[in-house]
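Below are the chains, spelled out letter by letter.
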Amino acid sequence: MIDWQDLHYFSVLARTGSLSAAARELGVDHATVGRRVASLEQSLSLRLVDRLPRRSPLTPEGVAIAGLAVEMVAVTHAIERRARGLAASSTSLVRISAPPAVAARLIAPHVVEFHRAHPGITLAVSGASQNAALDRSEADLAIRMSRPSEKELLIRRIGAMHFGLYATREQAALPPASLAFIAYDAALDHLAQQVWLRSILAGRPIIFQASDLFGQQEAARAGLGAAAMPCFMGDNDPILVKLPVEKLPPVRDVWLAAYPDVGRSPDVRTVMTFLAQIIGRECPLRD
């Protein structure tokens, strides 16, 4: 008999490509991953992995087994999602993945009103820049800044995030040619708001880069320069003012996604309605 845990560890190794990467994802040490894979190889009487110093490429036999393992993992996650959708409990946990600014500034301030209305539902909100893998049950619901591409998902457009250019009043009083800018680091140059910001520089410098909006906001509040940020952050900051711009800033749609099996749960539907309402108020949909 094949030990399912051995197969699970192997499937993660096959996807990540190295013992250390698989160990980080699984929350164990790399030796444990190695033992599990070796146990599977012994059960199957096959060598599945070539053990090299910094990576663990699959053998041809390993590639074949990994393809079948992926299907088994998908079925396992489907069973878990169906179980969560069918489970009836007086207290339930609904896990939400959202961009950090959305999680901290749009969802968290309204959790108290949700709890008062629905004390039997506990919200677990994860602010993450990377999209949660709903197919691997990393979250029940996901808020995303681009339309989800997975065909199986239930998706709903729940808001439109407007952006603006913000700085302190002292910075705003400077001649436009003297203005300096705060931006994302180069790894996020593809974001619509970053593309827009670079298009209005007109030779003026970016003097500070941060990988998240909170760092950019704090630098702008300190008087370092101007930053592009969502209007729900900039408009509600008493230290910052919106600067006039000739080129209109971007507007990004906000999407809510879940798998149908999870979305059948009454508690999950309640949370989906809550998210659509609070985000729709701060980020109203465009016509």
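Placed above this text is the structure.
Quick caveat, the model's predicted, so the values are computed rather than measured.

1. Overview of the packing of aromatic side chains
Step number 1: Enumeration over the complete set of coordinates arrives at one aromatic pair.
Step number 2: Considering the side-chain rings of F114 and F274, the 4.7 Å spacing of their centres and the 45 degrees angle between planes classify their relative orientation as tilted. Taken together, the residues F114 in helix α6 (residues 111-117) and F274 in helix α12 (residues 266-282) connect sequence positions 160 residues apart. When sorted by exposure, F114 lands in the same class as F274, which is buried.
Step number 3: Taking NZ or CZ as reference, R36 lies 5.4 Å from the ring centre of Y9, over its face.

2. What to know about the pairing of strand β7 (residues 226-230)
Step number 1: A large share of β7 lies buried, amounting to five of its five residues.
Step number 2: Across four bridges, the pairing between strand β4 (residues 154-168) and β7 is antiparallel. Bridged to Y166 within β7 is A227.

3. Details of the pattern of salt bridges
Any two side chains of opposite charge can pair, on the condition that their charged atoms come close.
Step number 1: One pass over the full model with this rule turns up 15 salt bridges.
Step number 2: Notably, a salt bridge pairs R136 with E138, separated by 3.3 Å at the nearest N-O pair.
Step number 3: The class of R136 is partly exposed, set by a relative accessible area of 29%.
Step number 4: For the salt bridge of R198 with D189, the shortest nitrogen-to-oxygen distance reads 3.1 Å.
Step number 5: In this structure R198 comes out as partly exposed when scored by relative accessible area, which is 35%.
Step number 6: If you follow the salt bridges from partner to partner, you end up with D3, D6 and R36 in one network.

4. Details of the environment of D235
Step number 1: Examined against the element boundaries, D235 turns out to sit in the loop between α10 (231-234) and β8 (240-242).
Step number 2: Sequence-wise, D235 and Y166 are 69 residues apart; in three dimensions their C-alpha atoms are separated by 8.6 Å.
Step number 3: Of note is the side chain of D235, whose polar atom sits 2.6 Å from the side chain of Y166.

5. Focus on the nonpolar core
Grouped burial of nonpolar side chains is what soluble globular proteins tend to show.
Step number 1: In terms of nonpolar packing, the biggest core is built from 50 residues, with L141, I143, V271, L275 and I279 touching the most fellow members.
Step number 2: Apart from the residues lying within four places of it in its own chain, the contact partners of L275 are I96, I107, L141, I143, I158, L256 and G280.
Step number 3: Core analysis: the next-biggest nonpolar cluster, separate from the first, contains 14 residues, Y9, F10, V49 and A69 among them.

What counts and how
Residue numbers run consecutively from 1 along every chain, following the written order of its sequence. Note on the predicted model: pLDDT of at least 70 is required for a residue's local features to be given, and 80 or more for side-chain atom pairs to be given and counted; whole-chain, interface and lining totals, by contrast, use all residues. The basis for every side-chain value is the complete set of heavy atoms in the structure, and neither hydrogens nor water enter the calculation. Paired rings are identified among Phe, Tyr and Trp, the last through its six-membered ring, by centres lying within 6.5 Å, and are further divided according to the angle between planes into stacked (under 30 degrees), edge-to-face (over 60) and tilted (the rest). Strands are runs of DSSP state E lasting at least 2 residues, helices are runs of H or I lasting at least 4, and numbering of each runs from the N terminus. Buried residues are those whose accessible area, probed at 1.4 Å on protein chains only, stays under 20% of the maximum for their type, while exposed residues exceed 50% and partly exposed ones sit between those limits. For a ring to carry a charge above it, either NZ of a lysine or CZ of an arginine must fall within 6 Å of the ring centroid while also lying within 35 degrees of the normal to the ring plane. Any two strands between which DSSP finds at least two bridges are classified as paired. We define a salt bridge as a side-chain nitrogen of Lys or Arg found within 4 Å of a carboxyl oxygen belonging to Asp or Glu. N or O atoms closer than or at 3.5 Å make up a polar contact, with two conditions inside protein: a donor-capable atom paired with an acceptor-capable one, and, for residues adjacent in sequence, both atoms drawn from side chains. Definition of nonpolar core: a set of buried residues of the types Ala, Val, Leu, Ile, Met, Phe, Trp, Tyr and Cys, connected through side-chain atoms within 4.5 Å. Contacts were defined at the residue level, with two residues in contact if any of their heavy atoms lie within 4.5 Å.

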